[in-house]
Every structure is written in C-alpha cells, then in structure tokens.
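Each chain, letter by letter, is given below.
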Amino acid sequence: MIKTNHDMKEETNLKRETMGSESMVLLSRREVEKMRQAGRLAAQLLDHLEPMVQPGVTTLELNDEAERWTQAHQARSAPLAYDPSGKNPFPKSICTSVNHVICHGIPSARQVLKSGDIINIDVTPILDGYHGDTSRTFLVGTPSPIAKQLVEVTYECLMRGIDAVKPGGKIGDIGSAIQAHAEAQGFSVVRDFVGHGVGTTFHTEPQVPHYGQQGKGKKLRPGMVFTIEPMINEGTWEARMLEDGWTAVTADGKLSAQFEHTIAVTTTGVEILTLPD
C-alpha cells in the first residue's frame, strides 16, 4: 500500500529527531527487530501465495487465502478497512494490480488471471503492532517479451535504489539510481506515488520518490526505516484513478510493474527487512 505525495501527514509514536526544519523517524534496535519479524512474515506470505499465481485463479482467491494465512499466523492485514481519507475504506486484505494497474488494485471474483498477465501482489501484515510491507510482480503463464523485460528491469530498479542507501546519503540518491536505470531501458518511473516511512504506523515520513536528483532531499541516518517500491511503466509515467477511489492505472493502458522492500538504514549501510529468512 502506497501513499501519494500529498497524503503523508499521519503521526507516529516512534522516536522523532528534528534537524532544522526536517523531522525524521528513527527506530531503536528493539523496534528494528520487531520490524524484521513483521517483514519476514510479509515475505513468507508472498512465498505462500506464489504457487497460486496461475491461469484460472481469481484475485479474490488470492486475497482470501492471504487473509486466512495472516490470521493463522496471529497477524492482521493492514490494508483491510484502511481509510486515510475517512471516506473510502479499502475493502480487501491485499492489493492485486494486474497488467496496466499501477497500484492498489482491488481483488475481485470477476478478475481471473490468464496466461501472459503480470500481477503485483502487495501485502502488509501487522505483527505485534509493527507493519511488514512488501510486494512482488509475478508472471502468469507465458509472458510476452516486453512484459518479462519490464518485470526484470523493475526488480533491478528496486535493488539499485536499495544499493544507493547509506548513512549520510540523501533520499534523492535512491530516486536518481532508479530513474537512471529505468529510463536507460526505455521505461518510465511513476511520479504520483512514493515510498514511505513505516513502523507502528502504516505511513510516516520520509517520503521516498523513485525519481530525482542525487544529493538532494533528507539525509539518511541509522534507524530510519522506510519502503522503496518503484512503479515502472512500459509507456508514459502518467497515471489516472478509477472511480473506486483506489485503483491507479497507466494513462496509456500499457503495462506497469512494481517491487517493494522495507529497509533499515544501518551504521554501515542498509538492511532489507522483508526477506523470508
């Protein structure tokens, strides 16, 4: 689940340090360990769902199994009934974004996967009060060459963004690395949705754009925990919203892919918190 650039005002009970006009969320070692446990559970959930991603399966079946599995592991699904606007709660437990859907696709019994589709599954179980936020894009059956390339490049973008994280670096280093790689491969970077701080609250500062300039933005400090979740499009980077108020699709109807990890800035570099082991 992603927040837009203009909707990142939630408060947090985590430690805040203020430097000048910038407010940053820093987690203690104990809190990072809690995030590690929640992140591991989120990764295991995606591993559990992966064999189900087959032609003929509905996105609602994926949702219902995710909810069953999450409850069985003494956790709850953060997206279910999530309602930052106070007017339009998200109706399902996971996001399932197929083909031209950029993010926040709503699972449905009417949406049946077919060979050649790509689907991003975005999960956020809450374990002991901490959010494990991660997503992957899966290939359904036999993909087209462009779909396969897009998914591969999007994963590479995620990892290049993570590799750019280091204490003393800047938020802009992440977006710069992602944008350079995506555009070099002929793809575009979605600008309407960003990564975000995460902890006991679903969405906090800092905002993490997936485009930008190296050396710009907030300084990265040990204890910062946030998501990096680039959305990479086959065609234009522009998006439009559907009438449900959640689903974002590509403006030109071409494919979009996404991968997401939650990471922690450490004293020596970066740790990925959403790994299965």
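So, a few notes on the structure that sits alongside this text. (Residues numbered from 1 in each chain as written. Predicted model: local features only at pLDDT ≥ 70, side-chain atom pairs only at ≥ 80, totals over all residues. Heavy atoms only, no water.)

A word on the environment of threonine 274
Part 1 of the reasoning: Topologically, threonine 274 is positioned in the segment after β20 (270–272).
Part 2 of the reasoning: The spatial distance from the C-alpha of threonine 274 to the C-alpha of threonine 227 is 9.7 Å, given a sequence separation of 47 residues.
Part 3 of the reasoning: Once you skip the residues sitting within four places of it in the chain, threonine 274 turns out to touch Gly39, Ala43, Asp133, Thr134, His261 and Thr262.
Part 4 of the reasoning: Polar contacts involving the side chain of threonine 274 include one to the side chain of histidine 261, which spans 2.7 Å.
Part 5 of the reasoning: A polar contact of 3.0 Å, which involves the side chain of threonine 274, links it to the backbone nitrogen of threonine 262. (Helix = DSSP H or I, 4+ residues; strand = E, 2+ residues; numbered from the N terminus. Contact = heavy atoms within 4.5 Å. Polar contact = N/O pair within 3.5 Å; in protein donor to acceptor, adjacent residues only side chain to side chain.)

Quick look at the side chain of asparagine 233
Part 1 of the reasoning: If you trace the backbone, asparagine 233 turns up in strand β15 (residues 231–233).
Part 2 of the reasoning: You can call asparagine 233 buried: its relative accessible area is 0%.
Part 3 of the reasoning: From its side chain, asparagine 233 meets the backbone oxygen of threonine 236 in a polar contact 3.0 Å long.
Part 4 of the reasoning: Apart from residues no more than four positions distant in its own chain, asparagine 233 is found in contact with Ile102, Leu150, Phe187, Ser188, Val190, Glu238, Thr250, Leu255 and Ser256. (Buried < 20%, exposed > 50% of the residue type's maximum accessible area, 1.4 Å probe, protein only.)

Thoughts on the pairing of strand β7 (residues 118–123)
Part 1 of the reasoning: Here β7 lies mainly inside the structure; 6 of its 6 residues are buried.
Part 2 of the reasoning: On β7, burial covers both faces: Ile118, Asn120 and Asp122 on one face and Ile119, Ile121 and Val123 on the other are all buried.
Part 3 of the reasoning: Here strand β5 (residues 95–98) pairs with β7 via 4 bridges, running antiparallel. Opposite threonine 96, over in β7, you have isoleucine 121 as the bridge partner.
Part 4 of the reasoning: When β7 meets strand β10 (residues 134–139), the two strands line up antiparallel, connected through 6 bridges. Note that in β10 the partner of asparagine 120 across the bridge is threonine 137. (Pairing = 2+ DSSP bridges.)

Things to note about the packing of aromatic side chains
Part 1 of the reasoning: Summed over all chains, the structure comprises 3 aromatic pairs.
Part 2 of the reasoning: Note on tyrosine 82 and phenylalanine 202: the rings are 5.0 Å apart at their centroids and 65 degrees apart in plane angle, and the pair reads as edge-to-face. Linking tyrosine 82 in the loop between β4 (76–77) and β5 with phenylalanine 202 in the loop between β12 (193–197) and β13 (204–208), this pair joins segments that are 120 residues apart in sequence. Summarising the burial analysis for this pair, tyrosine 82 and phenylalanine 202 share the class buried.
Part 3 of the reasoning: On the basis of an interplanar angle of 85 degrees and a centroid distance of 5.2 Å, the ring pair of phenylalanine 90 and tryptophan 246 is categorised as edge-to-face. Of the two residues, phenylalanine 90 sits in the loop between β4 and β5 while tryptophan 246 sits in the loop between β16 (239–241) and β17 (248–250), which places them 156 residues apart along the sequence. (Phe/Tyr/Trp six-rings, centres within 6.5 Å; stacked < 30°, edge-to-face > 60°.)

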